[in-house]
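Remarks on the overall topology
So the chains spell out like this:
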2 protein chains.
Amino acid sequence: MTQNVDHLIEKQLNSETIYEGKFITLTVQTVELPNGKQATREVIQHPGAVTVLAITAEDKILLVNQFRKATNRTLLETPAGKLEPGEDPLTSAKRELEEETGYQAAQWKHLSSFYTSPGFADELMHSYVATDLTLLKQNLDEDEFLDVLHVTADEAEAMVLDGRIADAKTVALVYWWLRERQREGK
Amino acid sequence: MTQNVDHLIEKQLNSETIYEGKFITLTVQTVELPNGKQATREVIQHPGAVTVLAITAEDKILLVNQFRKATNRTLLETPAGKLEPGEDPLTSAKRELEEETGYQAAQWKHLSSFYTSPGFADELMHSYVATDLTLLKQNLDEDEFLDVLHVTADEAEAMVLDGRIADAKTVALVYWWLRERQREGK
């Protein structure tokens, strides 16, 4: 299913950097549309991120409950974090899982890498499944505060359906897990 | 599972607006952490968005292939768009589906509302399932260029697993669909 996409591509004519922050950069770009007209695109550049579906020996997943200032509420999410400059995504995933939950995993599998908000941001999220877990010690960043929950498949699905889970990557990974369990006959 | 989250909450001390654009606003906020220390949060305010898993009578879903300047590539996504000011999400979902694909749907169901990038943005995405479709006429915005694809469940799952689908909301909705089909014995 290789498609010719030339008729869809926007050509960048100009890019102005509005803000270079600690984590994100905002540029405003002028593009030429496929019909020759011009348009403006507001673009957030982000270092990329990782998230982990960690499955315990009790067949539960680890979720973290964390205040997210952007949304002004706490959210239940799969453990996640930003990539450090030059960091390999799998290394980052292992680091984030251990920092946020205290668990190390012996088995890692890459699931999918997806953009979270392609309408305005380049954040690419690499997702992993981690199994064969060992509990060490939670080691949060100085400015990080979160609770860790252990959640069954039935609970996780109910939490998506009633809105207690309201985070895109977590919804995606919970449903991936349900699909995988179906394959395994669970 | 009501939880006390007081020990997680960040208190906003200050907010500076860096940029107010056509679609997004960037603020840099100073917060007081649960431990009394201060930290900086870079926050993108977004009007919110909708996305639609539209299922045809042939048991296929509609995906749109669209160039996304933020990511500098085309992405296969469920039809989606930003909320207009004051617009009801379901009204927006109906409008976006018809504009982008030319289809109207007689049956609508709200699936879930989720944040797409809660680490730095408040974009809340309302997702719907649309069935009982009638093809009218694609009616794109002046600066919108996209192709519409009809994709089976098997194809959609393969496209997630091999990376051809690389968009968080679309991954979530494809796996929701696979789960629903399992329930229906498909």
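No experiment lies behind these values; they were computed from the predicted model shown. (Residues numbered from 1 in each chain as written. Chains lettered and ligands numbered in written order. Predicted model: local features only at pLDDT ≥ 70, side-chain atom pairs only at ≥ 80, totals over all residues. Heavy atoms only, no water.)

**With respect to the sheet that holds strand β7 (residues 80-82) of chain B**
Residue and element names in this part refer to chain B. Quick reminder of the rule: By definition, two strands form a pair when at least two bridges between them are found by DSSP. Secondary structure elements follow DSSP: runs of H or I no shorter than four residues count as helices, runs of E no shorter than two count as strands, and numbering proceeds from the N terminus. Each axis is a line fitted through C-alpha atoms, taken for helices only over the stretch in contact, and angles between the N-to-C directions span 0 to 180 degrees. Between two residues, a contact is recorded if the distance between any of their heavy atoms is within 4.5 Å.
Taken in spatial order, the 4 strands of this open sheet run β7-β4-β9-β8, and their pairing is mixed. One side of each edge strand has no neighbouring strand; the edge strands of this open sheet are β7 and β8 (103-115). Within this sheet the neighbouring strands show an average axis-to-axis angle of 25°, counted without direction. Two strands pair when backbone bridges link them, and strand β4 (residues 49-54) and β7 are joined in this way by 3 bridges, in the antiparallel orientation. In the strand pairing of β7, A49 is matched with K82. Where helix α1 (residues 89-101) meets the sheet, its contacts fall on β4, β7, β8 and β9 (124-135), and the angle it forms with β8 comes to roughly 120°. In the packing of helix α3 (residues 168-183) onto the sheet, contacts are made with β4, β7, β8 and β9, and the angle to β4 comes to roughly 35°.

**A few points about the confidence of the model for chain A**
Using the following cut-off: The quantity known as pLDDT measures the predictor's confidence residue by residue, on a range of 0 to 100.
Summing up the model confidence of chain A, the mean pLDDT is 95 and the portion of residues at 70 or higher is 98%. What the predictor reports for the complex is a pTM of 0.96 with an ipTM of 0.96.

**Points about the packing of helix α3 (residues 168-183) of chain A against α3(B)**
Heads up, the rule is: Each crossing gets its hand from how the near helix is turned against the far one by less than a right angle, where anticlockwise is left-handed and clockwise is right-handed. Under the grouping applied here, Gly and all other residues not named as nonpolar or charged are polar, the nonpolar ones being Ala, Val, Leu, Ile, Met, Phe, Trp, Tyr, Cys and Pro and the charged ones Asp, Glu, Lys and Arg.
Taken N-terminus to C-terminus, the directions of α3(A) and α3(B) make an angle of 35°; their axes are 8 Å apart at the nearest point. For the pair α3(A) and α3(B), the crossing hand works out as left-handed. Contact residues: α3(A) offers A168(A), V171(A), A172(A), Y175(A), W176(A), L178(A), R179(A) and Q182(A), while α3(B) offers A168(B), V171(B), A172(B), Y175(B), W176(B), L178(B), R179(B) and Q182(B). Counted by class, the contact of α3(A) with α3(B) contains 12 nonpolar, 2 polar and 2 charged residues.

**With respect to the packing of aromatic side chains**
All names here are of chain B. Filter applied, for reference: Ring pairs shown here join Phe, Tyr and Trp side chains whose ring centres sit within 6.5 Å, with only the six-membered ring taken for Trp; geometry is labelled stacked below 30 degrees between planes, edge-to-face above 60, and tilted in between. A 1.4 Å probe rolled over the protein chains alone gives each residue an accessible area, and that area as a share of the maximum for its type sets the label: buried under 20%, exposed over 50%, partly exposed in between. Charges are assigned to positions over rings by a cutoff of 6 Å between ring centre and Lys NZ or Arg CZ, combined with an angular limit of 35 degrees from the ring normal.
Tallied over the entire structure, the rule returns 2 aromatic pairs over all chains. Where W108 meets Y128, the ring centres are 6.2 Å apart and the plane angle is 75°; that geometry is what we call edge-to-face. With W108 in strand β8 and Y128 in strand β9, the pair connects residues that are 20 residues apart, well separated along the chain. Judged on exposure class, the residue W108 and its partner Y128 are both buried. One Lys or Arg, R181, reaches over the ring of W177 and ends 5.1 Å from the middle of that ring.

**Re the UniProt feature "domain: Nudix hydrolase" (unreviewed entry) in chain A**
What counts here: UniProt positions are given in the numbering used here, feature names are shortened, and annotations may be inferred rather than shown by experiment.
Sites flagged by UniProt as "domain: Nudix hydrolase" (unreviewed entry) map to residues 44-173 of chain A. Annotated as residues 44-173 of chain A, this span is 22% helix and 42% strand, and its ends, taken at the C-alpha atoms, are 24 Å apart.

**So, the relation of the copies chain B and chain A**
Just so we agree on the cut-off: A residue counts toward the fit only if its pLDDT is at least 70 in both copies, and the copies are then superposed by least squares on the C-alpha atoms of those residues.
Superposing chain B onto chain A takes a rotation of 180° plus a shift of 0.0 Å along the axis, which leaves an RMSD of 0.0 Å. Both copies are brought into coincidence by an operation consistent with a two-fold rotation axis. The C-alpha atom lying nearest the rotation axis in chain B is that of A172(B); the distance is 1.9 Å. Of the interface residues in chain B, 100% have counterparts in chain A that sit at the interface too, so the contact is made through matching surfaces.

**Notes on the interface of chain B and chain A**
Rule in force here: A side-chain nitrogen of Lys or Arg and a carboxyl oxygen of Asp or Glu constitute a salt bridge if their distance falls within 4 Å. The definition of a polar contact used here is a pair of N or O atoms within 3.5 Å, where within protein one atom must be able to donate a hydrogen and the other to accept one, and adjacent residues in sequence count solely through side-chain atom pairs.
In this assembly, 73 residues from chain B lie in contact with 73 residues from chain A. Of the charged contacts in the structure, one is a salt bridge between D143(A) and R41(B), with a shortest N-O distance of 3.7 Å. Linking chain B with chain A are 27 residue pairs in polar contact (both at pLDDT 80 or more), by the criterion used here. When residues in the side of chain B that touches chain A are grouped by element, the largest group, 10 residues, is from α3(B). When the residues that make up the side of chain B that touches chain A are grouped by side-chain class, the tally is 36 nonpolar, 17 polar and 20 charged.

**With respect to the sheet that holds strand β1 (residues 11-20) of chain A**
Residue and element names in this part refer to chain A. Spatial strand order, β1-β2-β3: 3 strands in an open sheet with antiparallel pairing. Taken across any chain shown, the strands that pair with only one partner, and hence form the sheet edges, are β1 and β3 (38-45). The mean angle between the axes of side-by-side strands here comes to 20°, regardless of whether they run parallel or antiparallel. By the bridge criterion, 8 bridges tie β1 to strand β2 (residues 25-32) in an arrangement that is antiparallel. Pairing of S15 across the sheet is with Q29, part of β2.

**A closer look at the nonpolar core**
A general feature of soluble globular proteins is that nonpolar side chains tend to end up buried together. Put simply, the rule reads: We define a nonpolar core as any set of buried Ala, Val, Leu, Ile, Met, Phe, Trp, Tyr and Cys residues linked to one another through side-chain atoms lying within 4.5 Å.
One finds L53(A), I61(A), I165(A), L53(B), I61(B) and I165(B) to be the most contacted residues of the largest nonpolar core, which totals 52 residues. Not counting the four nearest positions on each side in its chain, I61(B) is found in contact with L53(B), A54(B), I55(B), L149(B), H150(B), V151(B), A156(B), V174(B) and W177(B).

**Some details on the pattern of salt bridges**
All names here are of chain B. Evaluated as defined, the whole model comprises 32 salt bridges over all chains. One salt bridge in this structure joins R181 and D59, with 2.5 Å as the shortest N-O distance. Here R181 is found in helix α3, whereas its partner D59 is found in the loop between β4 and β5 (61-68), with 122 residues between them in sequence. According to the relative accessible area criterion, R181 is buried, its value standing at 15%. Of the residues examined, D59 reaches a relative accessible area of 23% and is grouped as partly exposed.

**A word on α1(B)**
At 3.6 residues per turn, the α-helix brings residues three or four places apart onto the same side. Residues and elements named next belong to chain B. What counts, and what does not: In this scheme, a helix's expected span is set at 1.5 Å multiplied by one less than its residue total.
Taking 1.5 Å per residue as the helical rise, α1 with its 13 residues ought to reach 18 Å, and the 18 Å between its terminal C-alpha atoms agrees with that figure. Those residues of α1 that sit buried are P89, S92, A93, E96, L97, E99, E100 and T101. Each element contacted by the buried residues of α1 is listed here: β4, β5, β7, β8, β9 and β10 (146-151). Within two residues after α1, G102 carries a phi angle of roughly 85°, on the positive side.

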